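Inside the fold
Here's the letter readout for the chains.
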Amino acid sequence: MKLSYNFYIKELNGEYKKTIEKIGLYATIHNIVGKKLDEQMITLIKKMLHAQQNNHPVETVVGMDLEYFCNEQFSDFGHITKLAGLFYVLYRLACIIAPISALFLLPYVGEYDLLFMSQDIYSFTLGTCTCILSFGIVNVCIRPYLFRSEKFTTRTYTSLVLVTLLLLLFAEYYFRIEYTILVPRIAILFVSVMYLILYKGMQFLRS
């Protein structure tokens, strides 16, 4: 199994680690994910390791302007490629929904009522949209300041997302509207499994 570039970051330290994390954060807030990103980042980490082992400054790898370096490094990731970030989020979501749906339906296998069992997905849908919105708000807001302050790190980004999420959840609870969205449980399982198959199929064809 091929590991994500995040696995290799621990081999770096000091300014080398901070710089690669800043580049990774740039990719995160621009919705850049996938195999191609991992390959580029691993290549960068190897260059960083070489610079670190030979006591060369970080600038020998990324130059004097990190923002310019990131723009150039990821310039070939167009809008279509960046949509892969959304598809990946949906894939991770389907990985959770599919087994849970299967477990709920397992006791009713073979029964006629299985086809007519419904699930209220209003709360789940609202919660999912809230999570996605919290990431979107933070991503848009911090983009102009990412390279203007050393305080913007991966930890800062995670904290901002959590705070935004909590504020949105509080607002959602305070202004909540009672509503029901009933969907057949078998349909939830079918759609999530089909998405997993299609996503994996596309990944295989692209490899």
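Computed from a prediction, not measured in an experiment: that's the story for all the values here. (Residues numbered from 1 in each chain as written. Predicted model: local features only at pLDDT ≥ 70, side-chain atom pairs only at ≥ 80, totals over all residues. Heavy atoms only, no water.)

1. Some details on helix 2 (residues 35–53)
For helix 2, with 19 residues, the first-to-last C-alpha span of 27 Å sits near the 27 Å given by 1.5 Å per residue. Residues of helix 2 that are buried: Leu 37, Asp 38, Gln 40, Met 41, Ile 42, Leu 44, Ile 45, Met 48, Leu 49, Ala 51 and Gln 52. The first or second residue beyond helix 2 is Asn 55, which carries a positive phi of 55°. (Helix = DSSP H or I, 4+ residues; strand = E, 2+ residues; numbered from the N terminus. Expected span 1.5 Å × (residues − 1). Buried < 20%, exposed > 50% of the residue type's maximum accessible area, 1.4 Å probe, protein only.)

2. Comments concerning unusual backbone geometry
Despite not being glycine, Asn 55 shows a phi value in the positive range, around 55°. Tracing the backbone shows Asn 55 in the loop between helix 2 and helix 3 (59–62). Classification of Asn 55 by relative accessible area gives exposed; the value is 67%.

3. Some words on the pattern of salt bridges
Enumeration over the complete set of coordinates arrives at 1 salt bridge. Linking Lys 18 and Glu 15 is a salt bridge whose minimum nitrogen-to-oxygen distance equals 3.9 Å. In this pair, Lys 18 and Glu 15 are both assigned in helix 1 (residues 14–29), 3 residues apart and thus about one turn of the helix distant. For Lys 18, a relative accessible area of 52% gives the class exposed. (Salt bridge = Lys/Arg side-chain N within 4 Å of Asp/Glu carboxyl O.)

4. Points about a nonpolar patch on the surface
Judged by side-chain polarity, Phe 190, Val 191, Val 193, Met 194, Ile 197 and Leu 198 come together as a nonpolar surface patch covering roughly 570 Å² of accessible area. Tracing the backbone shows Ile 197 in helix 9 (residues 185–206). By relative accessible area, which is 52% here, Ile 197 ends up exposed. (Patch = residues over 30% accessible without salt bridge, like charges linked within 9 Å, V, L, I, M, F, W, Y side chains within 5 Å. Areas by Shrake-Rupley, 256 points an atom, 1.4 Å probe, with all protein chains shown as cover.)

5. Topic: helix 1
A rise of 1.5 Å per residue sets the reference length of helix 1, with its 16 residues, at 22 Å; its end C-alpha atoms lie 23 Å apart and thus fit the reference within 8%. Those residues of helix 1 lying buried are Tyr 16, Thr 19, Ile 20, Lys 22, Ile 23, Gly 24, Leu 25, Tyr 26, Ala 27 and Ile 29.

6. Some details on the packing of aromatic side chains
Inspection of every chain in the model, using the stated rule, returns 3 aromatic pairs. An angle of 15° between the planes, with centres 4.4 Å apart, marks the rings of Tyr 91 and Tyr 199 as stacked. Placement of Tyr 91 in helix 6 (residues 84–105) and of Tyr 199 in helix 9 is noted, with a sequence separation of 108 residues between them. Using a relative accessible area of 14% as the deciding quantity, one classes Tyr 91 as buried. For Tyr 199, a relative accessible area of 14% puts it in the buried group. Pairwise contacts between aromatic rings join Tyr 91, Tyr 195 and Tyr 199 into one cluster. (Phe/Tyr/Trp six-rings, centres within 6.5 Å; stacked < 30°, edge-to-face > 60°.)

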